[in-house]
Amino acid sequence: MPFFEHGKVWMNGTLVPWADARIHIASHVIHYGSAVFEGMRCYDTKRGSACFRLDAHMRRLYDSARIYRMESPFDRGALEAAVLDTIRINGHKACYIRPIIYRGYEALGVNPLSCPVDVAILTWEWGTYLGEGAIENGVDVRVSSWARTAPNTFPALAKTAANYANSALIKMEAVADGYAEGVALDTLGYVSEGSGQNIFLVRDGILYTPPITASILPGITRDSVMTLARGLGCEVREQMIPREMLYIADEVFFAGTAVEVTPVRSIDKLPIGNGRRGPVTEKIQRAFFEVIDGDAPDTHRWLTFVHQGRAAAATAPAAAKAR
Ligand SMILES: Cc1ncc(COP(=O)(O)O)c(C=O)c1O
């Protein structure tokens, strides 16, 4: 999906034209990956454009910054307002939103502390991540030969640019081998997550997902899926998952801002269940899409409306849209 190149980028409090949103090559972040960032979506809901779980994403952004001893010159409230301003200025109905806090230009060396902490927000329009039809038909994946980072090496709970060197290795290997995605194990050999999404499996009607101690990013979509599944009466277990449990699952799906809720139809060329989207996955997808389409009441207050602030949950229409 091409960039929305005519829009503005928010940089340290100033809106600059997309083409002028530049930093110096000697900026610390370029050499040492010293950035923390977020990826979230604004949806074109029936009740207007709304950011999905803006507060949860911003909380994770500030948690990531804290882990890396980066003090943002803007507080969370100011940055949330800036996200909404940027979407409004760029005139998006729906978009992907990328706030980033990074170490800028001052000196180069492993110690980043003398470098300024800079902040930017980019927005651009974006479609399905794993290709047309993925949401309905599912994707083929492989277990990666790359492991996720070990605890006490790169903190998995921080969404830092540096962690995405590992993600890129997982993704490139999968794509080179003709798969849509890779599923990485942790360094003990338990299932961790995809290159940019969390993973769930279903067996005998119970939903399983790796715990945050399995070197995963604690996904906001993962949290939303668990909440929705429990609301649908489904038992959810966060537990260590041996690799082979993937092969004998009735259903497997990915969850993440980019992939939303995408079924996995085969792993290592073994079909999952009957090789098609399963009923639990479909039920959870429907519940998720009803929220982001604005068809279901926003009972969890997950939507921040771009043009009118939060809409009261009670004002939401109850009708569901078929997908
Ligand atoms: C490595 C990784 N895991 C999981 C996720 C899913 O997180 P979220 O649902 O917050 O997008 C992402 C998304 O950015 C990711 O990069």
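This text follows the structure it describes.
Note that residues are indexed from 1 along each chain, following the sequence as it is written. Per-residue local features of the predicted model are confined to residues with pLDDT of at least 70, and side-chain atom pairs are confined, for both listing and counting, to 80 or more; whole-chain, interface and lining totals are unaffected and use all residues. The basis for every side-chain value is the complete set of heavy atoms in the structure, and neither hydrogens nor water enter the calculation.

1. Thoughts on the site of the ligand
In step 1: Any residue with at least one heavy atom within 4 Å of a molecule or strand is counted as near it. Close to the ligand lie 16 residues; Lys-159, Tyr-164, Glu-193, Thr-221 and Thr-257 are nearest.
In step 2: Taking Lys-159, its side chain carries an N or O atom lying 2.5 Å from an oxygen atom of the ligand.
In step 3: Throughout this description, a polar contact denotes any pair of N or O atoms lying within 3.5 Å of each other; where both atoms belong to protein, one of them has to be capable of donating a hydrogen while the other can accept it, and for residues adjacent in sequence the pair is counted only when both atoms sit in side chains. A distance of 2.6 Å separates an oxygen atom of the ligand from a polar side-chain atom of Thr-257.
In step 4: In the complex, 95% of the free accessible area of the ligand, which totals 390 Å², lies under the protein chains.
In step 5: In this text, helices come from DSSP runs of H or I with a minimum length of four residues, and strands from runs of E with a minimum of two, each type numbered from the N-terminal end. Counting residues per element, the ones that place at least two in the shell around the ligand are helix 2 (54-67) and helix 6 (220-231).
In step 6: For the shell around the ligand, the class distribution of residues is 3 nonpolar, 9 polar and 4 charged. Note on areas: these come from Shrake-Rupley sampling with a 1.4 Å probe, and a residue is covered only by the protein chains present in the view. Three residue categories are used. Nonpolar comprises Ala, Val, Leu, Ile, Met, Phe, Trp, Tyr, Cys and Pro, charged comprises Asp, Glu, Lys and Arg, and polar comprises the others, including Gly.

2. Description of the side chain of Glu-38
In step 1: Take Glu-38: it is sitting in the loop between strand 3 (35-37) and strand 4 (40-45).
In step 2: Relative accessible area serves as the criterion here: at 0%, Glu-38 is assigned to the buried category.
In step 3: One polar contact links Glu-38 to His-57, side chain to side chain, over a distance of 2.7 Å.
In step 4: We call two residues in contact when some of their heavy atoms are within 4.5 Å. The residues touching Glu-38, leaving out its near neighbours within four places in the chain, are His-57, Arg-60, Leu-61, Tyr-96, Ile-97, Arg-98, Pro-99 and Lys-159. Each residue is placed in one exposure class: buried if its accessible area under a 1.4 Å probe, protein chains only, is under 20% of its type's maximum, exposed if it is over 50%, and partly exposed if it falls in between.

3. Let's talk about the pattern of salt bridges
In step 1: Salt bridges are defined by distance alone: a side-chain nitrogen of Lys or Arg within 4 Å of a carboxyl oxygen of Asp or Glu. The full count for this structure, using the stated rule, is 15 salt bridges.
In step 2: Close ionic contact of Lys-46 with Asp-295 constitutes a salt bridge, the shortest N to O distance being 3.0 Å. Within this pair, whereas Lys-46 is found in the loop between strand 4 and strand 5 (48-52), its partner Asp-295 is found in the loop between helix 8 (279-293) and strand 17 (303-305), the two being separated by 249 residues in sequence.
In step 3: Residue Asp-295 is classed as buried on the basis of its relative accessible area, which comes to 5%.
In step 4: Across the pair Arg-142 and Asp-177 runs a salt bridge, and its minimum N-O distance is 2.5 Å. Of this pair, Arg-142 sits in strand 8 (residues 139-143) while Asp-177 is found in the loop between helix 5 (164-176) and strand 9 (181-185), placing the two residues 35 residues apart along the sequence.

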